[in-house]
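Residue strings, one per chain:
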Amino acid sequence: MAAQRVLHVISSTMRAGVTIMVMNMYRAVNREKVQFDFIAHDLGDDDFGPEIEALGGRVFRLPFLSQAGMSGYVRLVREILQKNGPYAAVHAHTEYQAGFVALAAHQAGVPVRICHAHADTRYVRSPLFLLKKMLGRALIDRYATQRCAASTSAALSTFGARAVKAGQVLIVPNRIDVSAFGDRTPESRANLSAACNADPNSLILGCVGRLSAEKNPGFVLDIASAAKRFGLNMRFAFAGTGNMLEMLTERRRRMDLEDTVFFLGSQGDIPSLMPCFDLLLVPSYTEGFCLAALEAQAAGTPVLATTGVPPEADMGLGLFFTLPLSAGADAWAQKAADIVKTVARPDMETRRHAIRMRGFDAAADANDLLQLYGIG
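Keep in mind that this is a model prediction, so the values were computed, not measured. Sequence order as written defines residue numbering, which begins from 1 separately in each chain. Confidence filtering applies because this is a predicted model: local features only for residues at pLDDT of at least 70, side-chain atom pairs given and counted only at 80 or more, and all residues used for totals across whole chains, interfaces and linings. Side-chain numbers here rest on the full set of heavy atoms in the structure, without hydrogens or water.

(A) Geometry of the pairing of strand β6 (residues 146-149). With 4 bridges connecting them, strand β5 (residues 112-117) and β6 associate as parallel partners. In the sheet register, Ala117 faces β6, and the bridge partner there is Ala149. Following the backbone out of β5, through helix α6 (residues 127-143) and into the adjacent parallel β6, one traces a crossover that is right-handed. Should DSSP find at least two bridges between two strands, the strands are regarded as paired. Secondary structure is summarised from DSSP: a helix means a run of H or I of at least four residues, a strand means a run of E of at least two, and numbering begins at the N terminus for each. Note: β6 against strand β7 (residues 169-171), 3 bridges, orientation parallel. Bridge pairing in β7 places Ala149 opposite Ile171. Handedness of a crossover is defined as follows: with both strands directed away from the viewer, a clockwise route from the first strand across the helix to the second makes it right-handed.

Shown next as structure tokens:
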């Protein structure tokens, strides 16, 4: 019997949190029973397209909702479903815009229509954004057969307090392949040190994710400036790309941080890179979950995050710390130094056990997705 197909709708196939999470699911799921196809939008590099095709999936490219218009977008999604199905389920990971996908899937006769929230956008108060969000939520309420969220914060943001209080939102952990994250090797640390012009005594602080406004990467430059002023032997490494790269590179030059801050570009082997950092910085204004924080803890790397990261991201390993952005860059630099100085990395088996017990291991928990999709 041929595998049943599920269509995932994602922002892009570039290396970013939601896409990485879906790919972790795809690698781990029983592909003799279920195969994934993808609708992806025109954003960033095609990091995962070749792997998707190698695994048996297909990628369909669409313009964003704002480009296609509401009715045009629904029509395009419906046509993909009708021409390439049948699909057992559609799983949309695009916040309020998932409502338009659910409408199209309903029109195409897809029985399972999942709208999945990953971000907390409650800080965005633009009247136009709020209007579109309200319309998207109304479509989700009417046409989704299941609401899912990466955290309570993401659920409240996309679906509202009433749906959360009524128990209508299923919290689905953002899972990783825990077994891929081990301890650092001398070779990988040496490679990172060379890329960051670091000496053996330097601390290397990482920032992993898109270089985009909501991730607040400019604050890392402020921390780097404070660290340099305090005489702290620190290097700061960005792993990721995004639309702010040019601006950040220019700001780095103006702040005289070219010997301190380094842009590594998109990194395909995060499990090897993450343990090489002495600390992961998460300066985001807000996060629906923060996959990078989970990956860091799996690698034994402590995390210093904003209070905008939900508490679900703490794996209980003594590696997760928060500070408000309002504390300022000086406090962040000093806190980072204190954490690295005092925190012991738990051994690999302790880390893996803690993460698996919380349901964040893709390999251990992937096949419960079959139940979500109505596939036996």
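(B) Molecular detail of helix α4 (residues 70-84). Given a helix with a known number of residues, its expected span is that number minus one, times 1.5 Å. With 15 residues, α4 should reach 21 Å at 1.5 Å per residue; the first-to-last C-alpha distance of 22 Å fits that figure. Only protein chains enter the calculation, and the probe is 1.4 Å; a residue is then buried if its accessible area is under 20% of its type maximum, exposed if over 50%, and partly exposed in between. Inspection of α4 places Gly72, Tyr73, Val74, Val77, Ile80, Leu81 and Asn84 among the buried residues, and these make up the whole buried set. Buried residues along α4 sit against β1 (4-10), β2 (34-41), β3 (59-62), α3 (65-68), β4 (89-92) and α5 (98-107). Pairs of residues are marked as contacts when any of their non-hydrogen atoms sit within 4.5 Å.

(C) Structural context of the nonpolar core. We define the nonpolar core as a collection of buried residues of types Ala, Val, Leu, Ile, Met, Phe, Trp, Tyr and Cys that are connected through side-chain atoms lying within 4.5 Å of one another. Phe36, Met274 and Tyr373 are the most contacted members of the largest nonpolar core, which has 66 residues in total. Apart from the residues lying within four places of it in its own chain, the contact partners of Tyr373 are Val6, His8, Met25, Phe36, Ala88, Ala89, His91, Val112 and Ile114. The next biggest cluster of nonpolar side chains, apart from the first, holds 34 residues, and it includes Leu62, Ile80, Leu139 and Ala149.

(D) Molecular detail of the sheet that holds β6. In spatial order, the strands read β3-β2-β1-β4-β5-β6-β7; together these 7 strands make up an open sheet with parallel pairing. Pairing within the sheet leaves two strands with one partner each, and these edge strands are β3 and β7. The mean inter-strand angle of the sheet, taken between neighbouring strand axes irrespective of direction, is 25°. To obtain an axis, a line is fitted to C-alpha atoms, over the contacting stretch when the element is a helix, and the angle between two such axes runs from 0 to 180 degrees between their N-to-C directions.

(E) Structural view of the packing of aromatic side chains. For this analysis, a ring pair means two rings from Phe, Tyr or Trp (six-membered ring only for Trp) whose centres lie within 6.5 Å, classed as stacked if their planes differ by under 30 degrees, edge-to-face if by over 60, and tilted for the remaining angles. A complete count under the given rule lists 8 aromatic pairs for this structure. Considering the side-chain rings of Tyr96 and Phe129, the 5.6 Å spacing of their centres and the 85° angle between planes classify their relative orientation as edge-to-face. Of this pair, Tyr96 sits in the loop between β4 and α5 while Phe129 sits in helix α6; the two residues are 33 residues apart in sequence, bridging distant segments of the chain. Relative accessible area serves as the criterion here: at 18%, Phe129 is assigned to the buried category. Taking the centre distance of 5.3 Å and the plane angle of 90° together, the rings of Phe219 and Trp332 count as edge-to-face. You can see Phe219 sitting in helix α10 (residues 218-229) and its partner Trp332 sitting in helix α14 (residues 329-342), a full 113 residues away along the chain. We note that Phe219, like Trp332, is buried. Through a chain of ring-to-ring contacts, three or more aromatic side chains come together here, namely Tyr26, Phe36, Phe38 and Tyr373.

(F) The arrangement of the pattern of salt bridges in detail. Just to be clear on terms, a salt bridge is a Lys or Arg side-chain nitrogen sitting within 4 Å of an Asp or Glu carboxyl oxygen. Enumeration over the complete set of coordinates arrives at 20 salt bridges. The residue Asp120 makes a salt bridge to Arg122 at a minimum N-O spacing of 2.8 Å. For Asp120, a relative accessible area of 9% corresponds to the buried category. On the basis of relative accessible area, Arg122 is assigned to the partly exposed category, the value being 37%. A salt bridge links Asp278 to Arg189, with the nearest nitrogen and oxygen atoms 3.1 Å apart. Of this pair, Asp278 sits in the loop between α12 (270-273) and β11 (279-282) while Arg189 sits in helix α9 (residues 186-195), placing them 89 residues apart in sequence. Assessed through its relative accessible area of 13%, Arg189 is described here as buried.

(G) Here's a closer look at the sheet that holds strand β9 (residues 234-239). Judged by pairing direction, the sheet is parallel, and its 6 strands sit side by side in the order β10-β9-β8-β11-β12-β13 without closing on themselves. Both edges of this open sheet fall to β10 (261-265) and β13 (320-323), since each of them pairs with a single strand only. Averaged over all neighbouring strand pairs, the angle between strand axes comes to 25°, with direction disregarded. Pairing geometry for strand β8 (residues 203-208) and β11, over 2 bridges, is parallel. Across the sheet, Leu205 pairs through a bridge with Leu279, a residue of β11. Of the strands in this sheet, β8, β9, β10 and β11 touch α10, which is tilted by about 165° from β9.

(H) Examining the layout of surface pockets more closely. Buried and open spaces are told apart on a 1 Å grid over the protein atoms alone, a cavity being a set of points where a 1.4 Å probe fits but cannot get out and a pocket being an open set with protein on both sides within 12 Å along at least five of seven lines. Residues with an atom within 4 Å of a point are the lining residues. Grid points are joined across faces, edges and corners, and a volume is the space filled by probe spheres set on the points. The computed volume of the second largest pocket comes to approximately 320 Å³. In terms of lining residues, the second largest pocket is bounded by 16 residues, among which Ile20, Asn24, Arg27, Asp177 and Pro271 are the most central. Where the lining of the second largest pocket is concerned, the elements lending two or more residues are α1 (17-28), α12 and α16 (362-365). When residues of the lining of the second largest pocket are assigned to their parent elements, the largest contribution, 4 residues, is made by α1.

(I) Representation of the side chain of Thr301 within the structure. For Thr301, the position within the fold is in the loop between α13 (291-298) and β12 (303-306). A polar side-chain atom of Thr301 sits 2.8 Å from the main-chain carbonyl oxygen of Met274. At a separation of 3.4 Å, a polar atom in the side chain of Thr301 contacts the side chain of Arg345. Aside from chain neighbours lying at most four places away, what touches Thr301 is Met274, Pro275, Phe277, Asp278, Leu279, Leu280, Ala296, Leu319 and Arg345. Think of a polar contact as two N or O atoms within 3.5 Å of one another; within protein, one of them needs to be a possible hydrogen donor and the other a possible acceptor, and neighboring residues in sequence only count if both atoms come from side chains.

(J) Looking closely at the side chain of His118. Residue position: His118 is located in the loop between β5 and α6. Accessibility expressed as a relative area gives 7% for His118, which makes it buried. Here the side chain of His118 touches His93 through a polar contact of 2.9 Å, side chain to side chain.

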